[in-house]
Amino acid sequence: MTRSADDARLLSAADCDALVARIERLARGGGATECDIISWWTGELRWGRNRVTLGSDRRDVSVGVHRRLPGRFGEAIARTNQLDDVSLEATVRAAERSHAEALPNAELSFEPPQPPLPVPSPAIWSDSTFNLTTEARGEVARAVIAPAEAQGLLSAGYVEVLAMSFWHVANRERRYDRFTQTQCSMTVRDSQGMGSGWAGLSSYDWTKIDPSALAERALQKCVASRNPVALEPGRYTVILEPQAVADLLEVFVGSFGRDTPAELGGGPFALSRNEALQIWHSKLGLKVIDERLTLSHNPADPQLGILPEPGQQSVTWIENGVLTNLAYSRNYALEKMLEDFPVRSPHVSYRLSGGQTSVEEMIATTKRGLLVTRFWGIRDPLDGKSLLTTGLTRDGLWLVENGKITKPVKNFRFTESPLFVLNQVEQLGVPVPVFRPGQMWNITPAVVPPLKARDFSFTSMADAI
Amino acid sequence: MKERLTRRELLKSATAAAAGATALTLFPHPLLAHFGGAGLEPLPPIQDPKVKELALRAIEASRSAGASYADVRLTHLYVRRLGEVMHVGVRTLVNGYWGFAASPVWTPEEMVRLGREAVHQAKTNALGKERTVEFTPITPIADGHWTMPVKRDPFTMDPAEIKDLLDSLVWYIRRPELQRRFDELSVAQSGYDYVMMEKAFASSEGGYCTQRLYRSSGIFEVVGVRGGMNITAGLDFLSPAAMGWELYRDHDLQASLGELIDRMDAELRLPVVPVEVGRYDTVMDARNTAFLLDQTIGRATELDRALGYEANAGGTSYINDPLGMVGSFQVGGERLTVTANRSEPGGCATVKWDDEGVTPDEFSLVKAGVLTDFQTVRESAGWLKDYYIKRQLAVRSHGCSNAPTAREAQLSHTPNLVLSPGAEAQDFDALVRTLKDGIAVMSHGTQIDFDMDFQSLTGLGMSGSFYRVKNGRRVARIQGAAMLFRSPELWKGLLALGGPATARRYGMDSTKGEPVQGTFHSVTAPPAVFKQVTLIDPQRKA
């Protein structure tokens, strides 16, 4: 099957249904066959040193064949991106051959069906994104580069529009979902490398992105960040712009999805072990962060929409500072007979509540502190319980003294815990969407406020610009 | 919708292709593609003229649409026995602007569509300000083919043979005489992964070449617990390499495992002490030195990065005036000499021709501490033209063009790097013996990583095991230690290097680009001693 027509950028629901029918007919050896079919298209534009370096149009498909043979544990998955008969058959055989080598499972000849979990239908398709033409992307780049070039500065950046279709089976029901994702970011640097400013935003909807506003912000930050001075590492009051807050919170929100769960004694939400009952108590019901903060997710909210998975539902993780919900694996929930529980997922999208104080007001009310644009290089936490983390500031750091920005500062490495920061909050601003494009179908939007916090620990100077 | 091919038809055409298929006959069987005949045909080996016909169709379409230069890659990637993917990517140059189009479809019609789309992408951006591309000249390869030599192609093996060996490693660890020496001894991770890629490259300059490339990687890590302390150690030679099953079989596995367990036993006898923050002369083993070299100098000498083309992604380089600094900037001490290549057998970046059809050369990056060159592709080599002419060096790309598959546009990626060993035959223990008071960092065959900043300037090293060295001996393991460093000072403080017999090669990946893409390369380095490296407690707040 060839798809060479240009408007057939994605597989349709009918295309996928037909593909699945062909695949199912090819299975041998009994058991069950399931498929997942992804098709995607991207339009990309990258620039550096004030000139576009590459414009691209790319597309691909991925067909995953899941074969579950009787008498074996689990399933085996083989993948291909070719849609002809023989390729599909080769893929089905590869999955069967692989599953035949899996551990035998003679005891469980009958696996009771999993109780159905709700699957949301996020409305994260935007025609504006899907129809942002090559020409329009070219215009964006020209408009964004011009002001930086006019001032003798160097602009580098990236614009991408992505559309994806995802066919899969959830609750024994066939689903076809489509979504779009777009991102625009840029870094403006001084030609001598003495300053750097950044701005960026991601969304499912291109109309939510204002490239000129981003360009102006990156330019202004670059100019204001030139010739930074060295400050002593130490504890500072920090004013974190929304992007910096989101960057810092990565490891924190990960505790709700990826990491070792509280019920097994892992992560920051495990409290103590009850030896008699042989279980871990969690911090559910206890105040864990500032009472002005509520952390929630609603997959139906287009600002927070992610790839739908069974068990995704509207959930408030933390309400007014109190830990209200934790996510569980399906097996644990079945074991504990939990009803209506959020399912663990590595994809954590979230909204963090805020307040009304603008960043300008935070600056005006600061005696001495640091204004941070964003953090970078944050990886796994140094300590799973306290979430102590290390990383760097980047693309704009300023000293605030007596209510005014006084000078740009050389970048720092910090060693701090987001949990600690969220307990030291002085002021909060209005939450806004941030730059969190994820990769391919791992979209993870977030809506985050700026905040001011006390005693943020910067441990060494990183004089990279 | 095409009718399903009958078995007979398939077998008939498969036999015709079998003559050239060799190793592929044991693999499930080839995918089919539409080459312009009456219907689907069996996929021939990459050297088949039909593949070239397809490639040239894309070049022709690009030229007709207005490209001054065009290249196309067709790749077929085999991932163990669990996946096969095919891609085609066309890159074109119009008035100094690049355009790229890619898809999974190998048909003549798609070649034309991609050629035109790539030109459309380039032309749209060429409407902007002027941009010139100085393409360093090459002699286009005419119909070259290269198959990477491997001793044992894993795709021709019975998977049971691989499984048997991996299982035997686990059973070895379970032997009572080994288990007895610890409170607990178990396998943390074990696995073998392998891929093969067939790639065809064609350019509008008349170049055409095809290659078959392999990469294997493995992991075998063991955890030992005794007296409340634990240590994780792994077989050091399983990191990614351009090899087949010989990745395992070239070694005496039983002896290696025995050695590993003995070392773990000895390590657990050392007392554990807390961090004493300070500056110490530090010995690092080969794996640490290799990863350190890669993440400092390896990143900083990518010319496109140094000039700001990755500024919105991974960052820039502390070698921040590349055209001014090349030939004179002191990257490290006199003992530091680093060369690069894409030719060493087993090196992950090893190819016969890069993704621009260039035959890569072996070149010097750092000589006696001085920066002598950068990693380049055809366009970026042009930026160093004046320097090359002044130094009477060839004005040419070093062949660093690479991409994961044809679906991604080519970028300048790190080639294989080699840190020249010291002349004296000293090994890691001999280097430790030279320290009266210092630190030793050992990887024990496990993953090493450094947290670098966005100019590869300052870094934090937390992985591996840190030891206190007193009077030439490792006397204790340090709990919760890390090192903090600044690349120029670190490499200028290079005090000693292990001898030629101590150099080890490690395969690693590096990512760059927007969207991000990753390729593999290898770094060879001996153990090394660095002067006065700062040791800290990474968990201590300000």
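Calculation notes
Residues numbered from 1 in each chain as written. Chains lettered and ligands numbered in written order. Predicted model: local features only at pLDDT ≥ 70, side-chain atom pairs only at ≥ 80, totals over all residues. Heavy atoms only, no water. Helix = DSSP H or I, 4+ residues; strand = E, 2+ residues; numbered from the N terminus. Rg over C-alpha atoms; globule rule 2.2 N^0.38 Å. Buried < 20%, exposed > 50% of the residue type's maximum accessible area, 1.4 Å probe, protein only. Contact = heavy atoms within 4.5 Å. Lys, Arg positive; Asp, Glu negative; His and termini not counted. Charge placed at Lys NZ, Arg CZ, Asp CG, Glu CD. Expected span 1.5 Å × (residues − 1). Arc of directions from axis to C-beta. pLDDT = per-residue confidence, 0-100. Salt bridge = Lys/Arg side-chain N within 4 Å of Asp/Glu carboxyl O.

Within chain B, the regular secondary structure consists of 14 helices and 27 strands. Its C-alpha atoms give chain B a radius of gyration of 25 Å, near enough to 24 Å, the size a compact globule of 542 residues would have. Buried positions account for 61% of the 542 residues belonging to chain B. Contacts in chain B between residues far apart in sequence, at least 24 positions, make up 74% of those at least 6 positions apart. When the 61 positive and 64 negative side-chain charges of chain B are each reduced to one mean point, those points stand 1 Å apart.

Residue and element names in this part refer to chain A. If you check helix 5 (residues 211–224), its first and last C-alpha atoms are 20 Å apart, about what 14 residues at 1.5 Å a residue would give, namely 20 Å. Among the residues of helix 5, those classed as buried are Pro211, Leu214, Ala215, Ala218, Leu219, Lys221 and Cys222. Buried residues along helix 5 cover an arc of 165° about the axis, so they all sit on one side. Residues of helix 5 that are buried make contact with helix 4 (134–150), strand 5 (173–189), strand 6 (196–203), strand 14 (368–376) and strand 15 (389–401).

Any segment with low pLDDT has predicted coordinates that should not be analysed in fine detail. Of all residues in chain A, 96% attain a pLDDT of 70 or more, and the chain-wide mean is 91. Ignoring residues within four places in sequence, the model shows residues 1–6 of chain A, a span with pLDDT below 50, making 20 contacts including any to other chains.

Our next topic: the pattern of salt bridges. Here the structure, examined in full by the defined rule, presents 64 salt bridges over all chains. A salt bridge links A:Glu291 to A:Lys287; the nearest nitrogen and oxygen atoms lie 3.5 Å apart. On the basis of relative accessible area, A:Lys287 is assigned to the partly exposed category, the value being 49%. Notably, a salt bridge pairs B:Arg212 with B:Glu198, separated by 3.0 Å at the nearest N-O pair. On the criterion of sequence distance, the pair formed by B:Arg212 in strand 8 (residues 208–226) and B:Glu198 in strand 7 (residues 184–203) is long-range, its members being 14 residues apart. Residues B:Arg212 and B:Glu198 agree in their burial class; the two are buried. Here the salt bridges share partners, and the residues they tie into one network are B:Asp294, B:Arg299, B:Glu302, B:Asp304, B:Arg305 and B:Lys512.

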